[in-house]
Amino acid sequence: QPPAASRVGITLETYILDGMMGFPEATGAFTSLLNQIGLAAKLITSKVRRAGLANILGYTGETNVQGEQVQKLDEVANETLLSSLGRRGHCAAVASEELEEPRVLSTDPRARYVVVTDPLDGSSNIDVNISIGTIFGILRKKEDRAGAEAADFLRPGRELLAAGYVLYGSSTMLVITTGVGGVHGFTYDPTVGEFFLSHENIRIPSGGGLYSINEGNSGRWTEEVRRWNAWVKEEDKGTGRPYACRYVGSLVADAHRTLLKGGLFAYPADRKNQRGKLRLLYEANPFAFVFEAAGGRATTGSERILDIEPTELHQRVPVVLGGTEEVTLFEEFMRGKR
Ligand code: AHG
Ligand code: MN
Ligand code: MN
Ligand code: MN
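Since the model is a prediction, treat every value here as computed from it, not as a measurement.

A. Geometry of a nonpolar patch on the surface. On the surface, V128, I130 and V248 cluster together to form a nonpolar patch covering roughly 220 Å² of accessible area. When you line up the elements, I130 lands in the loop between β5 (113-121) and β6 (132-140). Taking the relative accessible area as the measure of exposure, I130 reaches 37% and is therefore partly exposed.

This is how it looks when you write it as structure tokens:
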């Protein structure tokens with residue numbers, strides 16, 4: 001019985017067209033939309049890799065709806081995604097971290113999908129050449145009518161049709177899942193201009209022994225988070241403690257490392273960020289979708305992220321992503337059981 005021909009090395013387009021991701025809806029429009037996201041990732045990659053030369057580092061001088069100073073690359077990535085997604089007429093509207101309201105791209109009722117995105121995640125790391133990323137999710141519009149409205153976006157993350165991210169790290173890697181067909185990583189080969197399958201069916205390992213949190217916030221954490229934080233640092237060979245701490249400050253980088261190596265990432269609520277810092281629609285939900293599809297868990301510390309009923313486009317939630325065992329243990333601390 002010859003070994004199954006390895007699929008590592010086939011392109012993202014082939015993988016999508018061959019429906020190897022077990023789409024919930026393998027329509028041509030859906031596969032075309034996924035390919036538009038792949039195109040945007042290539043375009044943004046080339047801009048990220050040359051940012052220092054193309055005079056697109058630094059600030060635009062504007063402030064976004066989050067109250068953050070907008071980096072030139074935030075804006076470039078946002079515009080690149082909007083134009084790629086608008087090109088084939090399958091995406092009705094986009095909700096973006098950089099847009100106060102969703103941008104309608106097509107009023108054709110046949111445009112049946114909407115996209116949520118953080119076009120450039122980890123903006124504070126752009127100018128110091130540390131990994132940054134793009135996060136995306138695809139939802140089906142609630143009904144086939146012209147355009148889209150907030151109600152098409154304010155849905156629990158479990159309704160996502162696909163979600164993933166692009167990590168502009170030592171290499172550029174696109175990770176995507178449709179929730180049912182596994183989580184797959186595609187690495188960009190700039191000499192060919194294609195994404196090639198490099199990590200088929202990613203599963204989060206258990207007992208990763210890593211934790212990722214901004215220790216600088218510890219003075220503002222709740223008593224429960226502090227107790228968990230002290231526990232992970234205690235000497236205990238039997239439970240692989242003390243865990244090693246890794247924190248990049250770009251969610252895409254910290255979450256991707258956690259997905260591949262195991263452990264957990266946490267951005268809990270604190271006295272300053274009472275609802276947490278990360279945004280539900282285009283940061284927490286896409287990653288929660290990926291982590292659950294890879295056999296991990298994603299919680300606010302008290303509830304499953306994918307079950308949260310959103311009320312506002314840019315609402316923030318506490319986020320804990322990781323291996324089932326590590327996240328379950330974190331929840332026990334949050335519930336005062338430890
Ligand atoms: P963005 O750059 O898209 O605004 O997101 C930044 C987020 C996320 O990437 C990261 O996990 C978090 O901010 C880091 O926050 P702190 O600097 O407060 O740790
Ligand atoms: Mn931002
Ligand atoms: Mn972000
Ligand atoms: Mn961002």
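Anyway, onward from the coordinates.
B. Just the UniProt feature "binding site: Mg(2+) 1" (unreviewed entry) in the protein chain, in detail. UniProt records the feature "binding site: Mg(2+) 1" (unreviewed entry) for E97, D118 and L120 in the present numbering. A compact arrangement is adopted by the annotated residues: their sequence extent is 24 residues, whereas the largest C-alpha distance between any two is 8.8 Å. Take E97: it is sitting in the loop between β3 (91-96) and β4 (103-104). The contact partners of E97, leaving out residues within four places of it in the chain, are N64, V65, Q66, E68, T117, D118, P119, L120, R279, Y282 and H314. Inspection of the secondary structure assignment puts D118 in strand β5. Of the residues examined, D118 reaches a relative accessible area of 0% and is grouped as buried. Not counting the four nearest positions on each side in its chain, D118 is found in contact with E97, G133, T134, I135, Y282 and E283.

C. Fine view of the coordination of the manganese ion (ligand 2). At 2.0 to 2.1 Å from the manganese ion (ligand 2) lie its protein donor atoms, namely E68 (OE) and E97 (OE). Taken as an interatomic distance, the gap from the manganese ion (ligand 2) to the manganese ion (ligand 3) is 5.4 Å. Here E68, found in the loop between β1 (59-63) and β2 (69-71), pairs with E97, found in the loop between β3 and β4; they are 29 residues apart in sequence, far enough to count as distant.

D. Molecular detail of the sheet that holds strand β7 (residues 162-168). Overall, mixed pairing links the eight strands, which are arranged β4-β3-β5-β6-β7-β8-β9-β10 in an open sheet. Strands at the two margins of the open sheet, each flanked by one partner only, are β4 and β10 (194-199). In the sheet, β5 pairs with β6 via seven bridges, with the strands oriented antiparallel. Residue Y113 lies in a different strand from β6, and its bridge partner there is R140. Strands in contact with helix α3 (residues 72-86) are β3, β4, β5 and β6; relative to β5, the strand with the most contacts, it is inclined by about 155°. Along the sheet face, helix α7 (residues 280-293) touches β3, β5, β6, β7, β8 (172-177) and β9 (183-189) and points at about 100° away from the line of β7.

Definitions and cut-offs
Residues numbered from 1 in each chain as written. Chains lettered and ligands numbered in written order. Predicted model: local features only at pLDDT ≥ 70, side-chain atom pairs only at ≥ 80, totals over all residues. Heavy atoms only, no water. Patch = residues over 30% accessible without salt bridge, like charges linked within 9 Å, V, L, I, M, F, W, Y side chains within 5 Å. Areas by Shrake-Rupley, 256 points an atom, 1.4 Å probe, with all protein chains shown as cover. Salt bridge = Lys/Arg side-chain N within 4 Å of Asp/Glu carboxyl O. Helix = DSSP H or I, 4+ residues; strand = E, 2+ residues; numbered from the N terminus. Buried < 20%, exposed > 50% of the residue type's maximum accessible area, 1.4 Å probe, protein only. UniProt positions renumbered as here; feature names shortened; annotations may be inferred. Contact = heavy atoms within 4.5 Å. Donors = N, O, S within 2.8 Å, 3.2 Å for Na, K, Ca; no water. Pairing = 2+ DSSP bridges. Axes fitted to C-alpha atoms, helices over the stretch in contact; angles between N-to-C directions.

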